[in-house]
Amino acid sequence: MPHSFIFRYLMGLLVFHATSLKAEWNTKDFQKREHSLTKPYEGSGFGVPNWDFQGSTMVTSNYIRLTPDQKSKQGALWNKIPCRVRNWEIQINFKVSGTTRDLFGDGFAFWYTKERMEIGPVFGSKDFFSGLAIIGDTYSNHNNPNHQLPYLSAMVNNGSVSYDHEKDGKHTMLGGCQLKFRNKNHETWIAIRYENDKLTISNDMNNKRAWAPCFSTEGVKLPTGYYFGMSATTGDLSDAHDVISVKTYELDTAAGVPKEERPDIQPESEFIAAAPKEKKEESDLPSMSGMKKFFICLLVVLGIIVVGVVGIMIYQKRQENIRKRFY
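Residues numbered from 1 in each chain as written. Predicted model: local features only at pLDDT ≥ 70, side-chain atom pairs only at ≥ 80, totals over all residues. Heavy atoms only, no water.

Draft legend 1. Seen up close, the sheet that holds strand β8 (residues 151–158). Reading across the sheet, the seven strands line up as β1-β4-β13-β6-β7-β8-β9 and stay open at both edges, with antiparallel pairing between neighbours. Bordering the open sheet on either side are β1 (51–55) and β9 (175–178), each of which pairs with just one other strand. Strand after strand, the sheet turns through a mean of 15° between neighbouring axes, direction not considered. With five bridges connecting them, β1 and strand β4 (residues 74–79) associate as antiparallel partners. Considered in β4, the bridge of Phe-53 is made with Leu-77. (Pairing = 2+ DSSP bridges. Helix = DSSP H or I, 4+ residues; strand = E, 2+ residues; numbered from the N terminus. Axes fitted to C-alpha atoms, helices over the stretch in contact; angles between N-to-C directions.)

Right, dumping it as C-alpha cells:
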C-alpha cells in the first residue's frame, strides 16, 4: 500500500510538471518559422531564406548588420512572406553599438507594413507608409525635454501622415519609453505583441530573461497580409545596427474572437486622425507670421513715405522763407 501510494504521488508530480512545462512553452508550438530568423542565416546560395536585404546590409555568421558605424548609411531586412494571422508576437534580439559616448545616431525601426523594400528617410524606409512602425530613436532633433534618448516609440499610419523628424515623431507617437540599449555587453531584446487590437511593447535590456513593460495601447487596428521588416540609418553621426535573431509566434485566439483574415481594413489608431490637425495648426503658424511681416513692412513703407513727404514739405517751406529774405 505505501509503495502504491508513493508511486501514484510521483506519477502525479510528473504529470503536473509536464503540464506546467507545456503551458510555459506553449507559444513555441505556434512559432511561425517563415517569419523568423535565426543563425546560421545563409541557406542555399548567397541569400537568407524567406528574407531580402538592401542598402548597406551585410550578413555575417553571427549577426546581420543593417548599417556599419559609418556616416550616411541605410540598410534594411524584409520578410518575403506576408503575415496572415491576426494575433502575433515578434521578439527581436538586436545590438546597437558605436565608438562614441555622447554623440551617435540615427536609429532603427521595426516595420509591419503594406510596402516593403523601399529605402527612404524614416530610419531607412519610406515615409507615408501604411502599417506599424516601432522606432528606436538615438538622436534628438529638437531636444525634447519630456524624454531622453535612446527612446522606443510606436506609430501607426494609413499612408496619409508624414513622420515629423523635426519633432522626433511627437505628434504621431502612440506611446514610448526610454531604453538604454547602446553598447551593451549582453543580449538586448524587444517584444512587439499584437493581440485583439491591443499593442504591447516589452523589453529585456538587463539580460534577465524576463520582459519589462515599455507601453501598451488599445484600439490599434492592423490588416493581415502586411510584411515584417527592420531598417536603420545613420547621418552625420553613426552607430552599428545589428539584428541577431527574430522569433515570430502566432498567438492563440480566445473563444468568441474572430480568427479570419482581414486584409481589406485600413490601419487605424487614435493619432492618425489627430496628427494632420496638429500638423495643420503648426503649418498655419508660418503663414500667420508671414502676414504679420507683410503688415509690418507695409507700415514701415508708409512711414517712410510720410516722413519723406513731410521732409519735402519742410524743405520747400525753408526754401520759400529764404527767397522772401532776399526780396
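From this point, the narrative continues.
Draft legend 2. Representation of the environment of Val-96. Here Val-96 shows up in strand β5 (residues 88–97). Sequence-distant contacts of Val-96, defined by excluding residues within four places in its chain, comprise Phe-108, Phe-181, Arg-182, Asn-183, Asp-239, Ala-240 and His-241. (Contact = heavy atoms within 4.5 Å.)

Draft legend 3. Local environment of the confidence of the model for the chain. Considering every residue of the chain, the mean pLDDT works out to 84; 79% of them sit at 70 or more. The model gives residues 274–289 a pLDDT under 50, and that stretch makes nine contacts with residues more than four places away or in other chains. (pLDDT = per-residue confidence, 0-100.)

Draft legend 4. Structural context of the nonpolar core. Of all hydrophobic cores here, the largest spans 44 residues; its most connected members are Trp-88, Phe-110, Leu-132 and Ile-192. The greatest single-element share of this core, amounting to five residues, is contributed by β5. Ignoring anything within four residues of it in the chain, the contact list for Ile-192 reads Trp-88, Glu-89, Ile-90, Ile-92, Phe-110, Leu-132, Ile-134, Leu-199, Thr-200 and Ile-201. Among the nonpolar cores identified, the runner-up in size contains 13 residues, and Trp-78, Val-122, Val-161 and Tyr-227 belong to it. (Core = buried A, V, L, I, M, F, W, Y, C linked by side-chain atoms within 4.5 Å. Buried < 20%, exposed > 50% of the residue type's maximum accessible area, 1.4 Å probe, protein only.)

Draft legend 5. Focus on the pattern of salt bridges. Scanning the model with the defined rule gives 12 salt bridges in all. Its salt-bridge partner being Glu-34, residue Lys-32 comes within 3.6 Å of it at the nearest N-O pair. Across the pair Asp-197 and Arg-262 runs a salt bridge whose closest N-O atoms are separated by 2.5 Å. Of this pair, Asp-197 sits in the loop between β10 (188–195) and β11 (198–204) while Arg-262 sits in the loop between β14 (240–250) and α2 (270–326); the two residues are 65 residues apart in sequence, bridging distant segments of the chain. Judged by relative accessible area, which is 16%, Asp-197 ranks as buried. Accessibility expressed as a relative area gives 14% for Arg-262, which makes it buried. One connected set of salt bridges, linked through shared partners, spans Lys-32, Glu-34 and Glu-250. (Salt bridge = Lys/Arg side-chain N within 4 Å of Asp/Glu carboxyl O.)

Draft legend 6. Examining the state of the cysteines more closely. Inspection of every chain in the model, using the stated rule, returns one disulfide. Across a sulfur-sulfur distance of 2.0 Å, Cys-177 and Cys-214 are joined as a disulfide pair. Note on the Cys-177 and Cys-214 pair: the S-S dihedral is about -110°, so by sign convention the disulfide is left-handed. Within this pair, whereas Cys-177 is found in strand β9, its partner Cys-214 is found in strand β12 (residues 212–218), the two being separated by 37 residues in sequence. The residues Cys-177 and Cys-214 share a single accessibility class, namely buried. (Disulfide = S-S within 2.5 Å.)

Draft legend 7. Quick look at a nonpolar patch on the surface. On the surface, Leu-298, Leu-299, Val-301, Leu-302, Ile-305, Val-309 and Met-313 cluster together into a nonpolar patch covering about 650 Å² of accessible area. When you line up the elements, Val-309 lands in helix α2. (Patch = residues over 30% accessible without salt bridge, like charges linked within 9 Å, V, L, I, M, F, W, Y side chains within 5 Å. Areas by Shrake-Rupley, 256 points an atom, 1.4 Å probe, with all protein chains shown as cover.)

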